[in-house]
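# Breakdown of the fold
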Amino acid sequence: MVRLTPTPQVPLLPPHQRPLDMTDLPIAHVPRVFSGVQPSGALHLGNYLGALVKFVDLQHRMECLYCVVDLHAITQPQDPRLLAAQTREIAAAYFAAGVDPERAIVFAQSAVPEHVELAWIFNCVARLGWLDRMTQFKEKTGKNKERASVGLYTYPVLQAADILLYRATHVPVGEDQKQHLELTRDIAAKFNHDFGADGFFPLPEALIEGPGARVMSLRDGRAKMSKSDPSDQSRINLLDDADTIAQKVRRARTDPAPLPEAPEGLAERPEAENLIGLYSALSGESVAQVLKRFAGQGFGVFKPALADLMVEKLAPITKRMRDLMSDPAEIDCILAKGAERARELAAPILAETKARVGFL
Ligand code: AMP
Ligand code: TRP
């Protein structure tokens, strides 16, 4: 049987600087982070605050793998001429936001075929009843379930394979991914149980908390900001210029009341809550602090301040993204190196998984 090569231990920060509770991890599982973003459209502020900001932070504390999940993207129709460009664009966004490819392993999912191999094994571990409960599949297909691809249905199984292929223990994502992470844990537990492999796969934890875990649409405070919303006015894209950002914020839906003095006053005011939440996430101030400054003011005062802050924070990222995207060969080279490193980590874990299943 192939032995697992132990992953090098990452130096741990002193306890007071450690943001995560690592004490309940089985000793065998070295803390390791995995996350991914689909190259299926322009990245927006929700992706930035819900995922990328956490990616950057975590790379200083743990071994991290950040993937552009192009295999997931093709579960819905993609223009083949655009897919490669969008894959590079997501990688450029990672780097522009501050992910350092010398620290974190950054790669395209399709360049590591082990993801698909493990996903097949997990397709035989996950139960139909589990997948039937996935709300994202229902949201994406609506009444058109019959016409959805089979891949879209087993999408969360491939996601479990992404994470467990590296025995990752922590997964930074937005709130919409909570259910997929629960399924990942169920798959890990069932594999461990069925193949007498107690503790072989860790039960990974979703890292969701944070001010940007659920960024809402600018047009409807009860719908999340999403790449697939037909209205571009509903989101701030990472490649939007300053004028577009200002215009979208100006047109963002609000209510006529002035801003309250305390966070409780935002209840039942989803649009106001979202905009204040965005200001708080981007400035690093608490919601209470932001409200203290703007209490009693209308949106006519608050919106320009929010737009200015967005431009201040996003413009340097947009510029770096554009610079990086002007050299696609360089991005391809970084991704290829990342894929090589990822395969080295994946190979022994997949080999041991296959041996446990009983493959020769
Ligand atoms: P996706 O765009 O669906 O590939 O999502 C990529 C990452 O961004 C995932 O971690 C999502 O949970 C996160 N994300 C997507 N939309 C939002 C949002 N509106 N608010 C916060 N996080 C989000
Ligand atoms: N499903 C995730 C999303 O839409 C993307 C994803 C695929 C992912 N594989 C993953 C996220 C593994 C975290 C870990 O956002």
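Residues numbered from 1 in each chain as written. Chains lettered and ligands numbered in written order. Predicted model: local features only at pLDDT ≥ 70, side-chain atom pairs only at ≥ 80, totals over all residues. Heavy atoms only, no water.

With that settled, consider the overall build of the protein chain. A count of helical and extended segments in the protein chain gives 13 helices and 5 strands. Taken over C-alpha atoms, the radius of gyration comes to 21 Å for the protein chain, in line with the 21 Å a tight globule of 360 residues would show. With respect to the three principal axes, the spread of C-alpha positions in the protein chain is 70 × 50 × 45 Å. Taken over 360 residues, the protein chain has a buried fraction of 49%. Considering only residue pairs separated by 6 or more positions, the protein chain has 77% of its internal contacts joining residues 24 or more positions apart. If you sum the accessible surface of the protein chain, you get close to 17200 Å²; carbon and sulfur atoms cover 54% of it. (Helix = DSSP H or I, 4+ residues; strand = E, 2+ residues; numbered from the N terminus. Rg over C-alpha atoms; globule rule 2.2 N^0.38 Å. Buried < 20%, exposed > 50% of the residue type's maximum accessible area, 1.4 Å probe, protein only. Contact = heavy atoms within 4.5 Å. Areas by Shrake-Rupley, 256 points an atom, 1.4 Å probe, with all protein chains shown as cover.)

As a further point, take the site of ligand 2. In the neighbourhood of ligand 2, 13 residues make up the surrounding shell, with His72, Tyr155, Gln159, Asp162 and Gln177 lying closest. Separating a nitrogen atom of ligand 2 from a side-chain N or O atom of Gln159 is a distance of 2.8 Å. A distance of 3.0 Å is found between a nitrogen atom of ligand 2 and a side-chain nitrogen or oxygen belonging to Gln177. Contact with the protein chains hides 90% of the accessible area of ligand 2, taken as 360 Å² for the molecule alone. With respect to the detected pockets, ligand 2 is housed in the largest pocket. For the shell around ligand 2, the secondary structure elements donating two or more residues are β1 (32-37) and α7 (150-164). Per-element tally for the shell around ligand 2: the top contributor is α7, with 4 residues. Its residues assigned to classes, the shell around ligand 2 comprises 6 nonpolar, 6 polar and 1 charged. (Near = heavy atom within 4 Å. Polar contact = N/O pair within 3.5 Å; in protein donor to acceptor, adjacent residues only side chain to side chain. 1 Å grid on protein atoms, 1.4 Å probe; cavity = no way out; pocket = protein on both sides within 12 Å on 5 of 7 lines; lining within 4 Å. Sits in = over half its atoms within 2 Å of the grid points. Nonpolar A, V, L, I, M, F, W, Y, C, P; charged D, E, K, R; others polar.)

In terms of nonpolar packing, the biggest core is built from 58 residues, with Leu45, Tyr66, Tyr94 and Phe302 touching the most fellow members. Take this core: its biggest share by element is 9 residues, from helix α12 (residues 299-325). Each of two domains, domain 1 (32-207 + 327-357) and domain 2 (232-321), supplies a minimum of three residues to this core. Tyr66 has contacts with Val33, Ser35, Lys54, Phe55, Leu58, Gln59, Tyr94, Val99, Ala104, Ile105, Val106 and Phe107, leaving out every residue within four places of it along the chain. The next biggest cluster of nonpolar side chains, apart from the first, holds 47 residues, and it includes Ala119, Phe137, Val173 and Phe200. (Core = buried A, V, L, I, M, F, W, Y, C linked by side-chain atoms within 4.5 Å. Domains from an automatic or database assignment.)

As for its position among the elements, His180 is in helix α8 (residues 178-194). In terms of polar contacts, His180 uses its side chain to reach the side chain of Gln177, at 2.9 Å.

Within strand β2 (residues 63-68), 6 of the 6 residues are buried, which leaves it mostly tucked inside the rest of the structure. Residues Glu63, Leu65 and Cys67 line one face of β2 and the alternating positions Cys64, Tyr66 and Val68 line the opposite face, and both faces are buried. Where β1 lies against β2, 6 bridges are found, and the strand directions are parallel. Looking at the pairing, Phe34 lines up with Leu65 of β2. This β-α-β element, β1 to helix α1 (residues 45-58) to β2, shows right-handed connectivity. Here β2 runs beside strand β3 (residues 105-108); their pairing, made up of 4 bridges, is parallel. When the bridges of β3 are listed, Leu65 appears paired with Ile105. (Pairing = 2+ DSSP bridges. Right-handed = clockwise from strand over helix to strand, strands pointing away.)

Under the counting rule described, the total for this entry stands at 17 aromatic pairs. Relative to Phe195, the ring of Phe191 has its centre 4.6 Å away and its plane inclined at 35°; by these criteria the two rings are tilted. Here Phe191 falls in the buried class, since its relative accessible area comes to 0%. Between the aromatic rings of Phe294 and Phe302, the centroid separation amounts to 5.0 Å while the plane-to-plane angle is 80°, which identifies the pairing as edge-to-face. Of the aromatic side chains, those joined through ring pairs into one cluster are Phe122, Phe191, Phe195, Phe200 and Phe201. Lying over the aromatic face of Tyr155, Lys140 brings its terminal NZ or CZ to 4.6 Å of the ring centre. (Phe/Tyr/Trp six-rings, centres within 6.5 Å; stacked < 30°, edge-to-face > 60°. Lys NZ or Arg CZ within 6 Å of the ring centre and 35° of its normal.)

To continue, consider the packing of helix α3 (residues 80-97) against α12. At a minimum axis distance of 8 Å, the contact between α3 and α12 shows a crossing angle of 130°. When the axis of α3 is compared with that of α12, the two are oblique. Between α3 and α12 lies a crossing whose hand is right-handed. Counted together, Glu89, Ala92, Ala93, Phe95, Ala96 and Ala97 of α3 and Ile317, Arg320, Met321, Leu324 and Met325 of α12 form the full contact between these two elements. (Axes fitted to C-alpha atoms, helices over the stretch in contact; angles between N-to-C directions. Parallel < 35°, antiparallel > 145°, perpendicular 65-115°, else oblique. Left-handed = near helix turned anticlockwise from the far one by under 90°.)

What follows concerns the domain arrangement of the protein chain. You'll often see interface size given as the accessible area lost when the parts meet. Per the domain assignment, the segments of the protein chain are domain 1 (32-207 + 327-357) and domain 2 (232-321). For domain 1 versus domain 2, the separation of C-alpha centres amounts to 31 Å. In this assembly, 12 residues from domain 1 lie in contact with 13 residues from domain 2. Here domain 1 meets domain 2 over a buried area of about 1100 Å², counting both sides, of which 79% is carbon and sulfur. (Buried area = accessible area lost by both parts, 1.4 Å probe.)

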